[in-house]
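Coordinate inspection notes
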Amino acid sequence: MKENFMRKLIESGKRLDGRAFDQYRPIQIETGIVTSAEGSARIRMGKSLVVAGVKLDVKEPYPDTPNQGNLMVDGEFIPFASPEFEPGPPSEEAVELARVVDRAVRESHCIDLEKLCITPSELVWAVNIDIHVLDHDGNLIDAACLAAVAALLTARFPKFDKETKAVVRDQKPASGERLPVVDRPVEVTIWKLAGKLLIDPEMEEQESAEARVTMATKEDGRLCAMQKGGKGFFTSNELLQAADLAVEKGNELRAMLPAL
Amino acid sequence: MEAKSELLVRERALVTPGDVIARGMEYLPGPGTYRENGELKSKVLGLVRLKERLVTVVSLSGVYVPKPGDGIIGKISDMSATFWIVDLNSPYDALLNISEAVPEFVEHGTDISVYYDIGDVIYVKVLSVSRTKNVSLTMNDYRAKKLLGGRLLTVTATKVPRVIGREGSMIELIKKYTGCLITVGQNGVIWVKGPNEDLAARTVHLIEREAHIEGLTERVTEFLENETKGKPAAQQLQEGD
Amino acid sequence: MGGSKVGAPEHLIIKGKRLDGRTPGDFRPITTDVGVLSHAKGSAVFRFGNTWAMAGVMGPHEMHPKGLQDPANATLRTRYFMAPFSTWERSRPGMSRRSTEISKVIKEAMQQVLFLEEYPKTAIDLYMEILQADASTRIAAINAASMAMADAGIPMRDLISAVSVGRADGVLILDVAGLEDNFGDVDMAVATVADKDQFVLLQVDGIITRKEFETLLGMARKGIAEVYRKQKEALIRRYPGATMEAVQ
């Protein structure tokens, strides 16, 4: 069985493509690829492909945060990305991915939400991040978070008409100020396979994994969000090891992102 | 490495999932238990049974999973040209093929409902259960027959031994006081027919509710005596009545 | 930066005591009950103070559509659902993305302990209903779910036990309640297999140092030991009159 073969390989300290257990596949980041979006980014992590788009609009603030802008993160798994993806409303995996990325962006306070306030209690900027998975070859969360943050870092405000209090959609790329992004959160997912911890699995490795834990870190290296997924378990030691890996590899990923 | 074997709970103790019942390799894991790191643990909420070195935990709730050889009571729920589908009060349906139900030769194209029809209640034996839980039944057993009239009761399948009692003592007791014919299926379905089916039903429910408490036979006897004012049924229903 | 929300209290910890009078390491009153529903094969209630969760297990039963049956295992389906009246502001009925995510992480936690291979091709349906929400709802839900599974006779390696831990006003706390959830800095949901060092559910919101993370894991395990004990007691109480003494 495929799973047994994978487990034996990992137990012997090797990976299918020869990488180290704590090594990412080649990563490419491109930003500004969708001009109709206020911000966008495309991430290739091995063969996984994720695109994130940032759209801004003006809305009423939420009642309990009248001075802050709104943030929404949504995720879609496009059916051509994998035979496992079905058309229809987001699956629980897609919902989870969006919420885990949201956690990193929100808990790191990477957007200064108060700077998105136009008129307190009346009008604020709403930031919508949509993450589309276009090709699934494992480790989508890390790629999705990179895409979301890269898109945020290069996003610009669209034209805003103070008289009509509406966004001017003139079919031209947004050319306003950059968004008030003050941190660059990064998510590293640590996977447990055959009792060992590794990062950035490709599809086959991911299918044999027992469990995963995603940990988000801020620019200063502090942890700000975590999510465990999958059927297996982690011991306290494994979780602490994972935290260390998340910080170390998080710094590597962050170095690839556009600067603040 | 010689680990001393020890038993940590007594017979009939109530245990919960994860409770350690015994240590060491001397004790063997029976149904309802599993072994982990040299410890024998319970998988279910139930009562411990010890039979020499075999440790079992009898679950106090749960569904019936068919086993070959079980005598069960089922209801015909569907049929094709050559087999019936039987509802066993289980997550698994079972198939009864004509060849296992009708001793004579059956013409191709016969409407087999002439033998057993939808809704018929039968006492039938489990012939085989495949690894993926495809269940085959057979009427090729001296106890197998259609059960006419009467009514059906259900209990948790694991409590069937309590309804039957040691060497049938409990079921004989109920028959004596209610005058009913009683057939018990391993799947927890019980058929009663006779002058006091209602009392039989209430007795079975009592057993279901109190199976975990010691002294059940005494309590059931007391209950039956009270209900019949000390008079066992004057007439016992016979087979064929 | 983050900005403060409307209604934030000035302090969450005053002279070492929390707003409801608890010390940082105290639980709210815990209530448990098993076997509360008549149709569900197994059922249970778990409360932390005002947070009230009820779980019901239906099955194992035949699974439809047949094409989705797993020939080797039972399929566990879970649904965590909040009643619209469970919160002060009526929440919209129906599944939200949040409840979808919570259903998923609870399912994954339960899959670690259930012997699903004993009921191939069937479905086991776990429904968790939050009747009243005062933070730590997924924790109460999974604690109830565990007991409900045992009540249903589904074979399990052990129970799943959960607690929430967090930080408010810089103080690490156990069993996060209402205001602490809304206005505290860190909220961490944790579940383990019994009281063992096997974490099957972990969600953290908020900025923590590695040291705090380590301390919180330890606090969680300590709290879980107590929850586990209460769950076991509740299961035993389900069958009054049963004998439990160990052999001497």
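This structure is a prediction, so every number in the text was calculated from the model and none was measured. (Residues numbered from 1 in each chain as written. Chains lettered and ligands numbered in written order. Predicted model: local features only at pLDDT ≥ 70, side-chain atom pairs only at ≥ 80, totals over all residues.)

Residues and elements named next belong to chain C. Viewed as axis vectors pointing N to C, helix α2 (residues 137–151) and helix α4 (residues 210–237) meet at an angle of 35°, and their least axial separation amounts to 10 Å. Crossing geometry of α2 relative to α4 is assigned as right-handed. Residues Asn-143, Ser-146, Met-147 and Ala-150 of α2 form the contact with α4, whose own contacting residues are Val-227, Gln-231, Ala-234 and Leu-235. Among the residues making up the contact of α2 with α4, the classes are represented as five nonpolar, three polar and no charged. (Axes fitted to C-alpha atoms, helices over the stretch in contact; angles between N-to-C directions. Helix = DSSP H or I, 4+ residues; strand = E, 2+ residues; numbered from the N terminus. Left-handed = near helix turned anticlockwise from the far one by under 90°. Contact = placed C-beta atoms within 7 Å. Nonpolar A, V, L, I, M, F, W, Y, C, P; charged D, E, K, R; others polar.)

On to the domain arrangement of chain B. Here chain B is described as being made up of domain 1 (9–59), domain 2 (71–146) and domain 3 (151–227). Computed over C-alpha atoms, the centres of domain 1 of chain B and domain 3 of chain B are 27 Å apart. (Domains from an automatic or database assignment.)

Facing the 35 residues of chain A at the interface are 33 residues of chain C. Contributions of two or more residues to the side of chain A that touches chain C are made by α2 (92–107), β12 (223–229) and α5 (236–256) of chain A. For the side of chain A that touches chain C, the leading source of residues is β12 of chain A, giving seven residues. Here the side of chain A that touches chain C is composed, by residue class, of 13 nonpolar, 10 polar and 12 charged. Summarising the sheet, β12 of chain A and strand β11 (residues 199–208) of chain C pair through four bridges and their orientation is antiparallel. Bridge assignment links Ala-225 of chain A to a residue of β11 of chain C, and that residue is Asp-205 of chain C. (Pairing = 2+ DSSP bridges.)

On to the sheet that holds strand β3 (residues 20–23) of chain B, then. Residue and element names in this part refer to chain B. Read from one edge of the open sheet, four strands run β1-β3-β6-β5, paired in antiparallel fashion. Each edge of the sheet is formed by a strand with only one pairing partner; in this case those strands are β1 (6–7) and β5 (33–36). Pairing analysis gives four bridges linking β5 to strand β6 (residues 39–42), with the strands arranged antiparallel. In the sheet register, Tyr-34 faces β6, and the bridge partner there is Lys-41.

The next subject is the sheet that holds strand β4 (residues 28–29) of chain B. All names here are of chain B. Taken together, four strands build an open sheet; the order of strands is β2-β7-β8-β4 and the sheet is mixed. If you trace the sheet from one side to the other, it starts and ends with β2 (14–15) and β4, each paired once. Across six bridges, strand β7 (residues 46–51) lies against strand β8 (residues 54–59) in antiparallel orientation. Bridged to Lys-51 within β8 is Leu-54.

Another aspect to go through is the environment of Asp-78 of chain B. Assignment of secondary structure puts Asp-78 of chain B in strand β9 (residues 71–79). Through-space distance from the C-alpha of Asp-78 of chain B to that of Leu-95 of chain B is 9.7 Å; in sequence the pair is 17 residues apart.

So, about unusual backbone geometry. With omega at 5°, the peptide bond leading from Gly-59 of chain C into Pro-60 of chain C counts as cis. If you trace the backbone, Pro-60 of chain C turns up in strand β5 (residues 51–62). A cis amide bond, omega 0°, links His-64 of chain C with the succeeding residue Pro-65 of chain C. Note that Pro-65 of chain C resides in the loop between β5 and β6 (75–82). The phi dihedral of Asn-37 of chain B falls on the positive side, at around 50°, and the residue is not glycine. Phi at Lys-15 of chain C takes a positive value of approximately 50°, unusual for a residue other than glycine.

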